[in-house]
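Chain and residue survey
Residues per chain, in single letters:
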Number of protein chains: 2
Amino acid sequence: MPSLYFEDLDEGQTRELGTFTLSRDEIMEFAGRFDPQPIHVDEEAAEASVFGGLIASGWHTASACMRLIVDGLLIDAASMGAIGVDELRWTAPVRPGQTITVRNEVLETRESESRDDRGYVRNRTVGVNEEGEEVVSMVGVNIIGKRDA
Amino acid sequence: MPSLYFEDLDEGQTRELGTFTLSRDEIMEFAGRFDPQPIHVDEEAAEASVFGGLIASGWHTASACMRLIVDGLLIDAASMGAIGVDELRWTAPVRPGQTITVRNEVLETRESESRDDRGYVRNRTVGVNEEGEEVVSMVGVNIIGKRDA
């Protein structure tokens, strides 16, 4: 049974979702499958690039955030899926071994007009590196069931 | 050497990027790592859900699109990274074994105001299932080098 319903999620709530670290091998494996650009899969080419070394695919970074969003929020919630994501931004490179700290903030909640049993929760997730620099952010809209539904 | 530069990308250009198919095992493996919600990792729970069966994580679907964007566009382009993505939408479930056809359209090109050597290319990627139903779409902004730079 979920412990978090639409009624429990309020504008301004923040949640510390924990951290993730991507290893060199994980970065190259993910990118080899989904984003085989030289900066993600070829260490020599990455060193010669403007990035000066291997960096994670933005989709890997976003997926790693998703894991923390699931573990720290959705797995306990009456989640009914997601509408989508806006403002997904990769603002600084994520390099092997860096620790990225992830937090989530509820931006807005809105009851569904067409269905009594659910509402929409717009929330921003942000990942920050050890230097306090934001590396990734995104705004998601999740569909969350109501307690009495 | 890249064959596609900023000057080669014009508003209205469309590219057929090919297809992808996600197997049951791939869906469960990706989601086990990045999105372990029951509808993505637990066949029984997925069957009992509103989706009536296992569906792919939206991040898996988006990443599979990215692979086709890289293979069919970025790998030949003077790519200098990406600003981010907006309007990422999951409009229908992606189920094991479905063939998703992906195409890309250039929406807008704009020269950088601060740097002479590059421009921004806003482009929409859409994935459609065998029934012609859109399952995923997103608008990316990529940074592409100019030919003479």
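Residues numbered from 1 in each chain as written. Chains lettered and ligands numbered in written order. Predicted model: local features only at pLDDT ≥ 70, side-chain atom pairs only at ≥ 80, totals over all residues.

Quick look at helix 4 (residues 58–72) of chain A now. Compared with the 21 Å implied by 1.5 Å per residue over 15 residues, the 21 Å span of helix 4 of chain A between its first and last C-alpha is a close match. The buried fraction of helix 4 of chain A amounts to 13 of the 15 residues, a majority that puts the element mostly inside the structure. (Helix = DSSP H or I, 4+ residues; strand = E, 2+ residues; numbered from the N terminus. Expected span 1.5 Å × (residues − 1). Buried ≥ 20, exposed ≤ 12 C-beta atoms within 10 Å, placed from the backbone.)

Residues and elements named next belong to chain A. Residue position: T19 is located in strand 1 (residues 14–21). Using a count of 15 C-beta atoms within 10 Å as the deciding quantity, one classes T19 as partly exposed. Remark: the alpha-carbon pair of T19 and A64, spanning 45 residues in sequence, is separated by 9.2 Å. Setting aside anything within four residues of it in sequence, one finds T19 in contact with T99, I100, T101 and V102. (Contact = placed C-beta atoms within 7 Å.)

Turning next to the environment of S49 of chain A. Residues and elements named next belong to chain A. Relative to the assigned elements, S49 resides in the loop between helix 3 (43–48) and helix 4. Overall, the presence of 17 C-beta atoms within 10 Å leaves S49 in the partly exposed class. Distance in space between the C-alpha atoms of S49 and I39 is 7.2 Å, their sequence separation being ten residues.

Taken together, the contact between chain A and chain B spans 24 residues of the former and 24 residues of the latter. Contributions of two or more residues to the side of chain A that touches chain B are made by helix 1 (24–34), helix 4 and strand 2 (79–90) of chain A. For the side of chain A that touches chain B, the leading source of residues is strand 2 of chain A, giving ten residues. In the side of chain A that touches chain B, the residues fall into 13 nonpolar, five polar and six charged. Relative to strand 2 (residues 79–90) of chain B, strand 2 of chain A runs antiparallel, the two being bridged by four bridges. Of the residues in strand 2 of chain B, the one forming a bridge with V85 of chain A is L88 of chain B. (Nonpolar A, V, L, I, M, F, W, Y, C, P; charged D, E, K, R; others polar. Pairing = 2+ DSSP bridges.)

That's the geometry; what it means functionally is another story.
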